[in-house]
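Fold and geometry: a report
The residues making up each chain are set out below.
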Amino acid sequence: MTIRMGYAKIDRLETQRLLLRPINNTDVKALYAYRSDKILNQYQGWIPEKISDATEFIGRQAPNWNLPDTWFQLAIIEQSSEKMIGDIGVHFIDQEDKQVELGCTLAKENQGKGFATEALNAVIDFLFVEMNKHRIIASVDPRNSGSIAMLDRIGFRKEAHFKGSYFQNGEWLDDAIYALLKNEWKNNSPSAASTILL
């Protein structure tokens, strides 16, 4: 895995098949194309109704990496096609700079190929090994069996199930919280040494 980053920004993170980089305005059409699929994203909290929603979403992203209480969105680019196939949201939760939340969305035609797992493994490894984060969580609708199976494969464990805890699309929904600690990841890390290019 090759990582290129600055102190305030992450520029790129590469895996065997993927390039992860900060989302930008050139990604509006691709983001809208897969995020606007209401069936695919039925368990998502945000589904754009029009392309301007995608533009606004990108415009709201934090300008820098690792700012407390902000979301930073990474575009998932398939290296062979150079196409954006998904995105990963990184929520830097606390002022102590040790806890992070992750969310991942992948275009329908690119699911079932291991892309989401590959991308998440790279981001998790970077957060734990290079940034010394302590804990990573994921919030998921308990009905989303595909995402839960992926979290299980990566090594997350279920910590909580909140009944009717948030209101979305006119109904109260359950929320399941999965988590992974740095000392748990050391035993399961899929990567060897990372290379940082400053």
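The following refers to the structure shown.

Now for the layout of surface pockets. The volume enclosed by the largest pocket comes to roughly 1200 Å³. Forming the walls of the largest pocket are 46 residues, and the residues nearest its centre are Gln44, Cys104, Thr105, Asn144 and Ser147. Secondary structure elements with two or more residues in the lining of the largest pocket: strand 4 (70–78), strand 5 (83–92), strand 6 (99–106), helix 3 (115–130), strand 7 (135–140), helix 4 (145–154) and strand 8 (157–168).

So, about the environment of Tyr32. Inspection of the secondary structure puts Tyr32 in helix 1 (residues 28–35). When its relative accessible area of 23% is taken as the criterion, Tyr32 is described as partly exposed. In contact with Tyr32, other than residues within four places in its own chain, are Pro48, Glu49, Lys50, Ile51 and Ala54.

Now for the pairing of strand 8. In this sheet, strand 9 (residues 171–181) lies alongside strand 8 in antiparallel orientation, the contact comprising eight bridges. By the bridge assignment, Arg157 is partnered in strand 9 with Ala179. Between strand 8 and strand 9, which pair antiparallel and follow one another directly, the connecting turn spans two residues, one of which, Asn169, has a positive phi of 50 degrees.

Among all positions in helix 2 (residues 51–59), only Asp53, Ala54, Phe57 and Ile58 are buried. An end-on view of helix 2 places all buried positions within 135 degrees of arc, on one side of the element. Its buried side turned inward, helix 2 meets helix 1 and strand 4.

For the structure shown, the criterion picks out six aromatic pairs. For the pair Trp46 and Phe57, a centre-to-centre distance of 4.2 Å together with 15 degrees between the ring planes defines the contact as stacked. One end of the pair, Trp46, is in the loop between helix 1 and helix 2; the other, Phe57, is in helix 2, and eleven residues separate them in sequence. Phe57 gets classed as buried once you look at its relative accessible area, which sits at 10%. Both rings, one in Trp65 and one in Phe126, keep their centres 6.0 Å apart while their planes meet at 55 degrees; by these two values the pair is tilted. Taken together, the residues Trp65 in the loop between helix 2 and strand 4 and Phe126 in helix 3 connect sequence positions 61 residues apart. Judged by relative accessible area, Phe126 falls into the buried class, the value being 0%. In textbook terms, an aromatic cluster arises when at least three aromatic residues are bridged by ring pairs, as seen for Trp65, Phe72, Phe92 and Phe126.

Another aspect to go through is the pairing of strand 6. The sheet contact formed by strand 5 and strand 6 spans seven bridges and is antiparallel. Counterpart to Asp87 in the pairing with strand 6 is Thr105. Turn length for the strand 5-strand 6 hairpin, with the two strands adjacent in sequence and antiparallel, is six residues, and the turn residue Asp97 shows positive phi of about 70 degrees. In the sheet, strand 6 pairs with strand 7 via three bridges, with the strands oriented parallel. Bridging from a neighbouring strand, Val100 pairs with Ile136 of strand 7. For the crossover from strand 6 across helix 3 to strand 7, the handedness is right-handed.

Turning next to the packing of helix 1 against helix 2. Taken N-terminus to C-terminus, the directions of helix 1 and helix 2 make an angle of 115 degrees; their axes are 9 Å apart at the nearest point. Crossing hand, helix 1 versus helix 2: right-handed. For the pair formed by helix 1 and helix 2, the contact residues are Val28, Lys29, Leu31, Tyr32 and Arg35 on the first element and Ile51, Ala54, Thr55, Phe57 and Ile58 on the second. Considering only residue class, the contact of helix 1 with helix 2 consists of seven nonpolar, one polar and two charged.

Let us look at unusual backbone geometry. Phi at Asn66 takes a positive value of approximately 75 degrees, unusual for a residue other than glycine. Within the fold, Asn66 resides in the loop between helix 2 and strand 4. Phi is positive for Asp69, which is not a glycine, with a value near 60 degrees. Mapped onto the fold, Asp69 is located in the loop between helix 2 and strand 4. Residue classification places Asp69 among the exposed residues on the basis of a relative accessible area of 58%.

The rules we used
Residues numbered from 1 in each chain as written. Predicted model: local features only at pLDDT ≥ 70, side-chain atom pairs only at ≥ 80, totals over all residues. Heavy atoms only, no water. 1 Å grid on protein atoms, 1.4 Å probe; cavity = no way out; pocket = protein on both sides within 12 Å on 5 of 7 lines; lining within 4 Å. Points joined across faces, edges and corners; volume = space filled by probe spheres on them. Helix = DSSP H or I, 4+ residues; strand = E, 2+ residues; numbered from the N terminus. Buried < 20%, exposed > 50% of the residue type's maximum accessible area, 1.4 Å probe, protein only. Contact = heavy atoms within 4.5 Å. Pairing = 2+ DSSP bridges. Arc of directions from axis to C-beta. Phe/Tyr/Trp six-rings, centres within 6.5 Å; stacked < 30°, edge-to-face > 60°. Right-handed = clockwise from strand over helix to strand, strands pointing away. Axes fitted to C-alpha atoms, helices over the stretch in contact; angles between N-to-C directions. Left-handed = near helix turned anticlockwise from the far one by under 90°. Nonpolar A, V, L, I, M, F, W, Y, C, P; charged D, E, K, R; others polar.

These values are about where atoms sit, not about what they do.
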